[in-house]
Amino acid sequence: MRPRVLLLAGLEPTGRAGLLADVAAVRARGGDAVAVPTAQTAQGSHTFAVVPASPRMLAAQVTAAREWGPVHAVKWGVVPGPSQLSTAKAALKDVDAWWVVDPVVRSSRGQALSRLTPRHYLALAGPRVLVTPNLEEAAWLLGRPALGTVEDAQDAAEALCQRGFGAVLVKGGHLPEGQGLADVLAFSGRTLVMRGRRLKRPPERRGTGCRLASALAAELGRGTGPEAAVRAAREHVTGYLRTGRD
Ligand SMILES: Cc1ncc(COP(=O)(O)O)c(N)n1
């Protein structure tokens with residue numbers, strides 16, 4: 001089965017991160033991508049700009065895509081503000097599929113991509129919503145101080161499940177050196193610690209969070225369960241970090 005994945009994300013024209021990276025990951029996982037830009041961005045070495053999409057166009061693009069066929073999974077990347085969020089939510093409310101939510105509000109260089117607050121993300125929670133915060137985003141969502149250990153990540157993943165998310169993947173790529181590297185997946189009352197080896201990331205290989213969430217959406221859309229989907233998506237990102245290709 002070829003899962004059809006609806007991608008809501010910011011367009012970054014070089015494809016290092018954002019919507020084009022998402023499309024590449026979904027296709028590499030054997031899915032079909034429907035790419036709806038929530039914002040246009042420019043992210044160069046000296047240039048940065050974000051222009052939110054018009055909510056009317058966003059609604060029309062989601063509606064038009066759905067007229068051509070079913071959506072098997074939805075991936076939420078950058079959503080620049082509350083009006084794009086509520087519009088997309090309304091256009092997708094009757095979609096019976098997993099949503100993968102990457103709560104990305106700034107670029108890895110620290111530039112603001114979104115005005116959404118934790119309250120907006122917590123309102124997206126539901127039994128078939130998998131949220132993929134990194135350590136910093138998990139602390140931000142929960143209003144907690146910085147998370148520095150695998151135990152903190154486990155605790156945060158469980159706390160986000162309590163807030164109504166069906167599954168939570170806390171990405172531990174930024175754990176302190178001594179802690180090794182571990183992602184934590186919590187779902188259905190279980191918490192799994194997935195260890196990994198730290199890979200050197202060449203600076204041009206960005207968009208790992210985008211690719212992880214999109215690969216995950218493709219797997220969930222095909223009917224893979226959360227644990228196997230996360231393992232496949234982690235492998236996808238490892239391959240991308242090693243080779244620079246999806
Ligand atoms: C449109 C868009 N989406 C996501 C990211 C995050 O990616 P990164 O963490 O690599 O900066 C980004 N920089 N731009």
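Our structure is the block above this text.
Residues numbered from 1 in each chain as written. Predicted model: local features only at pLDDT ≥ 70, side-chain atom pairs only at ≥ 80, totals over all residues. Heavy atoms only, no water.

Draft legend 1. Broad picture of the environment of leucine 241. Mapped onto the elements, leucine 241 comes out in helix 8 (residues 226-243). As for leucine 241 and alanine 228, which are separated by 13 residues in sequence, their C-alpha atoms are 20 Å apart. Apart from residues no more than four positions distant in its own chain, leucine 241 is found in contact with Leu199, Arg201, Pro202, Arg205 and Thr208. (Helix = DSSP H or I, 4+ residues; strand = E, 2+ residues; numbered from the N terminus. Contact = heavy atoms within 4.5 Å.)

Draft legend 2. Region of interest: the packing of helix 1 (residues 18-28) against helix 7 (residues 208-221). Relative to each other, helix 1 and helix 7 sit at 40°, their axes nearing to 8 Å. With respect to their mutual orientation, helix 1 and helix 7 come out oblique. Considering only the axes of helix 1 and helix 7, their crossing is right-handed. For the pair helix 1 and helix 7, contact is made by Gly18, Ala21, Asp22, Ala25 and Val26 and by Cys210, Arg211, Ser214, Ala215 and Ala218, respectively. Of the residues that constitute the contact of helix 1 with helix 7, the class distribution is six nonpolar, two polar and two charged. (Axes fitted to C-alpha atoms, helices over the stretch in contact; angles between N-to-C directions. Parallel < 35°, antiparallel > 145°, perpendicular 65-115°, else oblique. Left-handed = near helix turned anticlockwise from the far one by under 90°. Nonpolar A, V, L, I, M, F, W, Y, C, P; charged D, E, K, R; others polar.)

Draft legend 3. Inspection of the packing of helix 2 (residues 55-67) against helix 3 (residues 82-92) at higher detail. For the pair helix 2 and helix 3, interaxial distance at closest approach is 9 Å and the crossing angle is 25°. Overall, the two elements helix 2 and helix 3 adopt an arrangement that is roughly parallel. Judged by the sense of rotation from one axis to the other, the crossing of helix 2 with helix 3 is right-handed. On helix 3, the residues touching Pro55, Leu58, Ala59, Val62 and Arg66 of helix 2 are Ser83, Gln84, Thr87, Ala91 and Leu92. Split by residue class, the contact of helix 2 with helix 3 holds six nonpolar, three polar and one charged.

Draft legend 4. Structural detail: the layout of surface pockets. Its volume calculated, the largest pocket comes out at about 1400 Å³. For the largest pocket, the lining is made up of 48 residues, of which Asn134, His174, Arg201, Thr208 and Gly209 are closest to its centre. When residues in the lining of the largest pocket are grouped by element, the largest group, five residues, is from helix 8. Grouping the amino acids of the lining of the largest pocket by side-chain chemistry returns 15 nonpolar, 18 polar and 15 charged. (1 Å grid on protein atoms, 1.4 Å probe; cavity = no way out; pocket = protein on both sides within 12 Å on 5 of 7 lines; lining within 4 Å. Points joined across faces, edges and corners; volume = space filled by probe spheres on them.)

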